[in-house]
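# Working through the structure, step by step
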Amino acid sequence: MPQIPENPFILVDGSSYLYRAFFAPPHLTNSAGEPTGAVYGVVNMLRSLMNQFSPSHIAVVFDAKGKTFRDEMFPEYKAQRPSMPDDLRVQVEPLYNIIRALGLPMIIHEGVEADDVIGTLARQASAQGIPTLISTGDKDMAQLVDEHVLLINTMTNTVLDRDGVVEKFGVGPELIIDYLALMGDKVDNIPGVPGVGEKTAIAMLQGIGSMDEIYSRLDELPALGFRGAKSMPEKMRKHETEARMSYTLATIKTDVELSQGYDDLIAKPKDKDKLIELYGKMEFKRWLAEVLDGSSAAPTSVTEEEGDNAPLVSGLSSANYETILTQVQLDEWLKKLQQAPLFAFDTETTSVDYMVAQLVGFSFAVAPGEAAYLPVAHDYPDAPEQLALDDVLAQLKPILEDETQAKVLQNVKYDASVLARYDVQLRGAQFDTMLESYVFNSVSNRHDMDSLALKYLGHKAISFEDVAGKGAKQLTFNQVPLDTAATYAAEDADITLQLHQTLWPKLTKESSLEPLYQEIEHPLAGVLSNIERTGVLIDSQLLQAQSQQLGEKIIALENKAHAIAEQPFNLGSPKQLQEILFEKMKLPVLKKTPKGAPSTAEEVLQELAYDYPLPALILEYRSLSKLKSTYTDKLPKMVNPATGRVHTSYHQAVTATGRLSSSDPNLQNIPIRNEEGRRIREAFIAKPGNKIVAIDYSQIELRIMAHLSQDKGLLEAFAQGKDIHRATAAEVFSVALDDVTSEQRRSAKAINFGLIYGMSAFGLAKQLGIGRQEAQQYMDLYFERYPGVLRYMESTRADAEQDGYVQTLKGRRLHLPDIKARNAMRKKAAERAAINAPMQGTAADIIKLAMIKVADWIAQQPADSIQMIMQVHDELVFEIAESCVADYVPQLQTLMEQAMTLDVPLVAEAGVGDNWNEAH
């Protein structure tokens, strides 16, 4: 098989594959009875192409509706073809939508066929020396093959270059049009020359040459000796008009005026939300699961793909849902809840903000399909009478606070936080389907109920927008009509119960996953709820003063930038920045955007900033602008009027490694390495009579590396309490510990942390500002001195490729969908993640265990003497009564250091101050 060049320009004959997919099995339909087989077939082919070649440039080309120039030339052209079957017609638009959502450029050009568009693009690319791969099952395309253009038929997995065309057809690409014109084509109704079949055409073309040459040498035909050779000159003369017209009809047009060319036809990122919607509707279960998981694995076989993409069957029915409007109904449901071994519970509220959300209703499910909604505050005009909230809470509270009454929720932290504001302490909430999904596969970035229902139950849940509308006119839930709201709310509880019944057996099958849920993620939800509701006190006046100062610095930076550029421009406009940097100032273009424009991304500006002053100014401008808009301007507006404090939201089910993230405000992203970031931390203060205490783990990931690698040198350095970076410098540079210079320590620190994140010699060279060869020598010396680290890295890569995942010390699985990818860049990235993820994930597990231990200890201390108010990376932040600081801090450090036992000591370092910056 011919060798396919790396990253070819791929041109897909969509129309050819559409028909072939339609008539080929499997003839799929979804549960609504709608045909999906053609869509499945074409998308399967596209996915296979993308996974195999990872092209940067691609176009999927379809025939346009209506007639082409060939119909005008020869009205009988393709006239015998039946019109498109109805079952195929209804699949065309869904297919187009999926192709767009996959990020693949699509072309439909009126007046010509898909072949002509492909021919034009192929010739243009070939003229530029761009390797091009045409994916088709159409023999006509063989005429386009040349030194840069190959054909691939993914249904037979065959590739044709020039030799392949000759082997298959008996003539080279330059004679394919002649071959088709002589034979004619019954499928396209091209007449050809009567009596000339495949063997006769090949004999004439091989014996004499092109059709023009044949017509100039007709008297030589009898000597070729093929069957019917003697009468062939007369036949050729008689049917010359048909032969010439057939030649024109069979010729693929290569000069179509197109608005797009190679540079425009760039594969773009997938629209995951749209794919979820489309795959869900078409009921392509495996592909839907991949999008939800963030996976990109290709099917291992067609049979597997067909089975996994069998129509989804939903077990949900709303036939037995009930709306509780009377005390009699409530009494019946209270009995059901008390008697149920487990029930699903959900709140309906007016807001997603747990600090302001008002209760509107409650939903329950005691068995699949047996669910109810209990409204208490729908207040739209003509709303039916509902039971009073206070009365309902009084009756529900004993059950909700009963530790022995098992409950399952989706995102229990939110409901617990809302109920706590109504003096209800949710207990017995043993299961959280969001966290079950997250523990089962943290790589999936979608653990919301709607996504999980699609993925695990094959059910498209009623969305909030379905009942409340969209945009500015969206209703709050209390305004939603009860008949609509009731089904939506009851379904939420029903889905939650059925998700648990599906997910929990998956967790319990894996020995490490159930303990991870029970010992870490589940108890942590309650801890986070308390931290969130406690909030943190900020100094709004200080932030406002900082905002003004930042504004002045930003203006000064703008003026400096304008002076360097010798003209005013908008520093926040990528387009204007491109014009100034790359057109006016002629700076080198290091990277381009998907549309081919010079990139002004962060990493590009950082590279340019080494040699040019303007990119450095732009970076500083962006940094200060972000601090101002995100923190100094915004934080004072986020103070809750009821508590006088700022309340963030922590997210357990977002990062693949298990680390927490936060939003509104995002506490994880406040920079600490620059002065402005540290000044923002000065605004996080303690209430009168209290101090801020910050305790963080020292070099936790390096300590985990020492434990995992069992490298004797690292284990010894940590056991003896050495400065690990100084100790590494002493080993790498072969000097005594006391003789290590600050520059050598800095280099060793870069190596230590760089290796954790899979940094290459090239990356290390950039960071240290040295040559790549010198950086490689540093790394080689490092691995000589710490051979256990190299062994760990090599064995981890191998284990990851074999298993498809790596694990933390607590058994958290970190799946690596790209670890077996054919694309080298994706595979390398997965290998780097494989090395880093066990360390970062174990660090996440340690801080979570510490939070649980610390929270249990705090619960035993006098009220209001200590509160845990923030978690940021490897750091816990507390507000502690001044009189208790000296006593509490050592105890907190000990609790944190005992969170997990490693073969090296965990060290928790504490700081105390009137604000977060002083304490850190």
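Worth saying up front: this structure is predicted, and the values here are computed from it rather than measured.

## Some remarks on the pattern of salt bridges
Taken as a whole and judged by the stated rule, the model has 36 salt bridges. Across the salt bridge formed by Glu 174 and Arg 162, the nearest N and O atoms sit 2.6 Å from each other. Of this pair, Glu 174 sits in the loop between helix 6 (162–169) and helix 7 (176–183) while Arg 162 sits in helix 6, and the two are twelve residues apart along the sequence. Notably, a salt bridge pairs Glu 879 with Arg 645, separated by 2.7 Å at the nearest N-O pair. Of the two residues, Glu 879 sits in strand 21 (residues 875–881) while Arg 645 sits in the loop between helix 26 (613–632) and strand 14 (649–651), which places them 234 residues apart along the sequence. Accessibility expressed as a relative area gives 1% for Glu 879, which makes it buried. One continuous salt-bridge network, built from bridges that share partners, spans Glu 521, Arg 812, Asp 845 and Lys 848.

## Details of the sheet that holds strand 20 (residues 866–872)
A sheet is described by the order of its strands in space; here four strands give the open sequence 20-21-17-22, paired in antiparallel fashion. Across the chains shown, the open sheet's two edge strands, defined by having one partner strand only, are strand 20 and strand 22 (908–913). The sheet shows a mean angle of 20° between the axes of neighbouring strands, direction not considered. Bridge analysis of strand 17 (residues 690–697) against strand 22 gives six bridges, and the strand direction is antiparallel. Of the residues in strand 22, the one forming a bridge with Ala 694 is Gly 911.

## Observations regarding the side chain of Asp 140
Here Asp 140 lies in the loop between strand 4 (132–135) and strand 5 (149–153). The buried charged residue Asp 140 lacks any salt bridge partner; its closest oppositely charged side chain belongs to Lys 139, at an N-O distance of 4.4 Å. Excluding its chain neighbours within four sequence positions, the residues that come into contact with Asp 140 are Asp 115, Ile 176, Leu 180, Asp 185, Asp 188 and Ile 252.

## Considerations on the side chain of Thr 496
Tracing the backbone shows Thr 496 in helix 21 (residues 482–509). By relative accessible area, Thr 496 is classed as buried at 1%. From its side chain, Thr 496 meets the backbone oxygen of Asp 492 in a polar contact 2.7 Å long. Ignoring sequence-local partners within four residues, the contact set of Thr 496 consists of Ala 344, Val 408, Leu 409, Gln 410, Thr 433 and Met 449.

## A short note on helix 27 (residues 675–682)
For helix 27, the complete set of buried residues consists of Glu 676, Gly 677, Ile 680 and Arg 681. For helix 27, the angular spread of buried residues about the axis comes to 150°, placing them on one side. Elements in contact with the buried residues of helix 27: helix 23 (540–565), helix 26, strand 16 (684–685), strand 21 and helix 37 (916–919).

## Some remarks on the environment of Gln 91
Along the chain, the position of Gln 91 falls in helix 4 (residues 86–101). Excluding residues that lie within four positions of it along the chain, Gln 91 makes contacts with Phe 22, Pro 35, Thr 36, Gly 37, Ala 38 and Val 39.

## A short note on the packing of aromatic side chains
Evaluated as defined, the whole model comprises 24 aromatic pairs. For the pair Trp 333 and Phe 364, a centre-to-centre distance of 6.4 Å together with 25° between the ring planes defines the contact as stacked. Within this pair, whereas Trp 333 is found in helix 15 (residues 327–339), its partner Phe 364 is found in strand 9 (residues 359–367), the two being separated by 31 residues in sequence. Assigned by exposure class, Trp 333 and Phe 364 land together as buried. Between Trp 857 and Tyr 888, the aromatic rings sit 5.1 Å apart at their centres with planes inclined by 85°, giving edge-to-face as the arrangement.

## Quick word on the sheet that holds strand 11 (residues 407–409)
The strand order across the open sheet built from six strands is 7-10-9-8-11-12, with neighbouring strands paired in mixed fashion. Because the sheet does not close on itself, it has two edges, and the strands there are strand 7 (322–323) and strand 12 (429–432). Here six bridges tie strand 8 (residues 343–349) to strand 9, and the two strands are oriented antiparallel to one another. Bridge pairing in strand 9 links Thr 349 to Leu 359. Where helix 16 (residues 389–400) meets the sheet, its contacts fall on strand 8, strand 9, strand 10 (370–375) and strand 11, and the angle it forms with strand 9 comes to roughly 40°. The sheet strands contacting helix 18 (residues 433–440) are strand 11 and strand 12, and the helix crosses strand 12 at an angle near 55°.

## A few points about the environment of Gly 763
Residue position: Gly 763 is located in helix 32 (residues 761–768). A relative accessible area of 22% places Gly 763 in the partly exposed class. Separated by twelve residues in sequence, Gly 763 and Ala 775 have C-alpha atoms that sit 8.7 Å apart.

The rules we used
Residues numbered from 1 in each chain as written. Predicted model: local features only at pLDDT ≥ 70, side-chain atom pairs only at ≥ 80, totals over all residues. Heavy atoms only, no water. Salt bridge = Lys/Arg side-chain N within 4 Å of Asp/Glu carboxyl O. Helix = DSSP H or I, 4+ residues; strand = E, 2+ residues; numbered from the N terminus. Buried < 20%, exposed > 50% of the residue type's maximum accessible area, 1.4 Å probe, protein only. Pairing = 2+ DSSP bridges. Axes fitted to C-alpha atoms, helices over the stretch in contact; angles between N-to-C directions. Lys, Arg positive; Asp, Glu negative; His and termini not counted. Contact = heavy atoms within 4.5 Å. Polar contact = N/O pair within 3.5 Å; in protein donor to acceptor, adjacent residues only side chain to side chain. Arc of directions from axis to C-beta. Phe/Tyr/Trp six-rings, centres within 6.5 Å; stacked < 30°, edge-to-face > 60°.

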